[in-house]
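Chains, contacts and geometry: an overview
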Amino acid sequence: MKTIFPYLKKNLKLELIKKKRSGIFTLSIILGAIIPLVFFIVRLFVYSKGIQKGGGIPVNYYFETLNNEALVGFSYFLFPILIIISASKITQIDHKNKGWNLMETQPTTKASIYFSKYLVLLASNLIAIVSLLFSVVVFAFLLSVFFELPSYKIVSIPFEDFFKVGARLFIVSLGVTAFQYSISVLISSFIWPLLVGFLAMSASTLMRKSNLIMNWYPFQQLGDVSVYPRGSDLGTNWFTFSELLSILYSVLFLFIGYSWYYHKIFIRAFFKSKKRSLSVVGVVTILGLLIYSVVIPKQQERSNKTVVKGTVSGNVPLKTFYVFGVLAQDTLAKIPIIDGEFRGELTGDLKFDTYFIEFEKYYGQQLFFGKNDSLQIDFKIYGRQNKIEITGTRLAENMKIKSSRRYSTVKYYLDRNINLDKDEFFVKEILREWELNLGEIHNKRTVDNFIPSDDYLARQTKIVSLRSLNNWDSYKEKVKKIFPNKIIKDADKLEDLENSVYLNDADLLSVEEYYTFVLKKLIQKDERIEVSDSQKHFEAIDKLEPSLFKDRLLFKHLKNSITNAVEIKTRDSLMNRYLSSIKKESYQKLLVKELYNQNRLTKGNVAPDFVASDTNGKTFELKDFNGKYLLIDIWGNWCKPCLQIAPKFKKKALQYKNKNIVFAKMNFGDSKAIWKVSSKKKDTLLFDLKPINEKLFIKNYNIKKYPTFILIDPEGKLISSDFSRPDYPLFDEILNKYLVE
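Because the structure is a prediction, the values reported are computed rather than measured.

Let us now look at the overall build of the chain. Summing up its helical and strand segments, the chain has 25 helices and 17 strands in all. Expressed along its principal axes, the backbone C-alpha trace of the chain runs to roughly 105 × 70 × 50 Å. Classification of the 741 residues of the chain by burial places 49% in the buried group. Put simply, 73% of the contacts in the chain that link residues at least 6 apart link residues at least 24 apart. Summing over all exposed atoms, the chain offers an accessible surface of approximately 38400 Å²; the carbon and sulfur share of this is 58%.

On to the state of the cysteines. Inspection of every chain in the model, using the stated rule, returns one disulfide. Here Cys639 engages in a disulfide with Cys642; their sulfurs sit 2.3 Å apart. Taking the sign of the S-S torsion, 80° for the link of Cys639 and Cys642, the bridge is right-handed. For Cys639, a relative accessible area of 5% corresponds to the buried category.

Bringing helix α2 (residues 24-48) into the picture now. Taking 1.5 Å as the rise per residue, α2 with 25 residues should run 36 Å; its terminal C-alpha atoms sit 36 Å apart, in good agreement. The principal kink in α2, of about 35°, is found at Ile34, preceding the proline Pro36 by one to four residues. Three or more residues of α2 are buried, namely Ile24, Phe25, Ser28, Leu31, Gly32, Ala33, Ile35, Pro36, Phe40 and Tyr47. One or two positions beyond α2, positive phi appears at Gly50, with a value near 115°.

The next point concerns the pattern of salt bridges. Summed over the entire model, instances satisfying the criterion amount to 38 salt bridges. Taking the shortest distance from any N to any O, the salt bridge between Lys493 and Asp490 comes out at 3.8 Å. Residue Asp490 is classed as partly exposed on the basis of its relative accessible area of 28%. Three or more residues are tied together by salt bridges with common partners; here these are Arg302, Asp373, Arg394, Glu397 and Asp455.

Split into domains, the chain comes out as domain 1 (22-295), domain 2 (307-392), domain 3 (409-584) and domain 4 (611-740). The distance between the C-alpha centroids of domain 2 and domain 4 comes to 30 Å.

Before going further, it helps to spend a moment on unusual backbone geometry. A cis amide bond, omega -5°, links Tyr706 with the succeeding residue Pro707. Locating Pro707 in the fold gives a position in the loop between α24 (694-701) and β16 (708-712). Here Asn372, not a glycine, exhibits a phi torsion of approximately 65°, which is positive. Tracing the sequence through the fold places Asn372 in the loop between β8 (363-369) and β9 (374-382). Residue classification places Asn372 among the partly exposed positions, given a relative accessible area of 25%.

So, on to the sheet that holds strand β7 (residues 353-359). Here we have four strands laid out as an open sheet, ordered β5-β4-β7-β8, and antiparallel in their pairing. Sheet topology places β5 (331-336) and β8 at the edges, where each strand pairs with a single neighbour. Each neighbouring strand pair of the sheet contributes to a mean axis angle of 20°, computed without reference to strand direction.

The interhelical angle for the contact between helix α18 (residues 533-542) and helix α20 (residues 568-578), taken along N-to-C directions, is 15°, at an axis separation of 12 Å. Comparing their axes, α20 and α18 come out roughly parallel. For the pair α18 and α20, the crossing hand works out as right-handed. Facing α18, whose interface residues are Gln535, Phe538, Glu539 and Asp542, α20 presents Leu574, Arg577 and Tyr578. Here the contact of α18 with α20 is built from residues that sort into three nonpolar, one polar and three charged.

Thresholds, definitions, all that
Residues numbered from 1 in each chain as written. Predicted model: local features only at pLDDT ≥ 70, side-chain atom pairs only at ≥ 80, totals over all residues. Heavy atoms only, no water. Helix = DSSP H or I, 4+ residues; strand = E, 2+ residues; numbered from the N terminus. Buried < 20%, exposed > 50% of the residue type's maximum accessible area, 1.4 Å probe, protein only. Contact = heavy atoms within 4.5 Å. Areas by Shrake-Rupley, 256 points an atom, 1.4 Å probe, with all protein chains shown as cover. Disulfide = S-S within 2.5 Å. Expected span 1.5 Å × (residues − 1). Bend = angle between axes of the 7 residues up to and from the residue. Salt bridge = Lys/Arg side-chain N within 4 Å of Asp/Glu carboxyl O. Domains from an automatic or database assignment. Pairing = 2+ DSSP bridges. Axes fitted to C-alpha atoms, helices over the stretch in contact; angles between N-to-C directions. Parallel < 35°, antiparallel > 145°, perpendicular 65-115°, else oblique. Left-handed = near helix turned anticlockwise from the far one by under 90°. Nonpolar A, V, L, I, M, F, W, Y, C, P; charged D, E, K, R; others polar.

Here it is, written out as structure tokens:
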């Protein structure tokens, strides 16, 4: 061991001389710089036409350039190509003129010969990575000199972030380089190692498209650095399991490659003697077990409390963070935000389910969690832009994926009634889509190789199965109508699918598709024509045995019914008949509250009064609009759907400018300064108003979503507190019905 280092140093010097003939260092510099250069040229043309100004979430300009433009192409394509070509080139130099044999006659060791070349390859990798990072900085800097960047771009060089990305790229490259180098040493041809390398590189893409888990695959791990540029989600370390796995791969490949190179022949290398065989088996077994222990996915451990905490930053003053139940839409937690931080503990038996989190009205989304989960939610909001990062004990469950729903050939054919006579095709395709979507759920992996918990997998399996089951039921219904006597072939192949979803799963009732599925199944055999489906549903639900499932199902159906009912007497009748059938007291209270709001805002009742001001400070009350219909658009600058529909609302105001109706915009959630800036252009078509007391207005009109449209008649009476949107195809027909009256 003492003598290997002098020989290694000597061989390194020799390899550095020989590498001039190979040009691998020059190639490394070029491949590292080429993508930043290309994007620099493209940006020159794009920016010459003008850079979009405005606010945004502060982001480091250089890291954004690296991550959004250069890193993906480099890590997935150019970097592995460099490794493959360089390994073939550096070994081919000595393969050509029997240089390997010549070097072995010199006063040196085989180990120093073998590993000196590997070290040169690693130097090539390092040069390419440095070239990439340096080129990103240089070309991004030149763009910042030539053009004025938006104010939210941070232009300081993020040395720490760049170092982390570079270090991870280098470490992950160890395994790929060791593999390709071993192949190139063993195969004397220049072409075959290249073909093996390119096939191994392309296999990553092919297997990924086949829905196979690829986070263990060396070439895939190179690309994953660009998918997760900041490394681990755990916060304790930015290294991920990929880096550790790459180190183990490199040791394994180098051990096998060097042993084979040293002994020349495979049998002699691994099976020359019993002692040799045992040592090889021992080393490979130990490395294999270590690799397996890293590759095998893990589930996160739960906490001993149910905690939701986080940070808030930005230029919008947020005071409260909410957690709502999806089914009942009840408030489970109302946590104050103090100095940009919030923390709350949720008590009670909180079942694992989908919950809705909300930063007041500015942002909301669904999250999966339950009892003894700890969530860290970091939220940034700058004007209309926002960004949220969610970590904690449910990383895999709440990770964002491109799409949880694939294109469905079955649904496409069913919607268009195509090939309904081909039952074998439908059975086969429904089964294929079901299995494919199930595989997608079970293939979820975080950057730290965590997989979803069993409760999540069980829940999502039911939801995915439900979608396929709905397609199967729809096909059977269509076949029965068109071909009454037809017996569907191979229907028994979908028996497992039919048995995968039960009609008494209380936890799934927060999923709208399951709720609809249950209602449909409950009245499937009820052929009464004179009774409405809604009444059939109530009767079927009422016959169920008392249970949490019955409570939840009846609550949801009763709430939907009193919301959709037009008349007070209809709502009251439903409540009087079925409220007592719900045993859960909290559900009863929520329904009573909903009934009160719906009855209060029933068509024909006097609309709640309000006081609002325009941008000039002039105040308006509801009575000021008496004699005309009043259509109010409830909106805010922070609300993207509101801004998208605003031009259509204005277009309708122009269309009806000669009618007996006033169009008004009522702003919520914006500061007066932001509201006035957005309304600086005087608009004679629209009243631009802001309530003096926003909370009171929201409470009085039961505002639950944005945008909301309210229509009030000339006598100040409500027509609808949730009127049709102006982009709805029947908007004009509905509105003209009242204007004509």
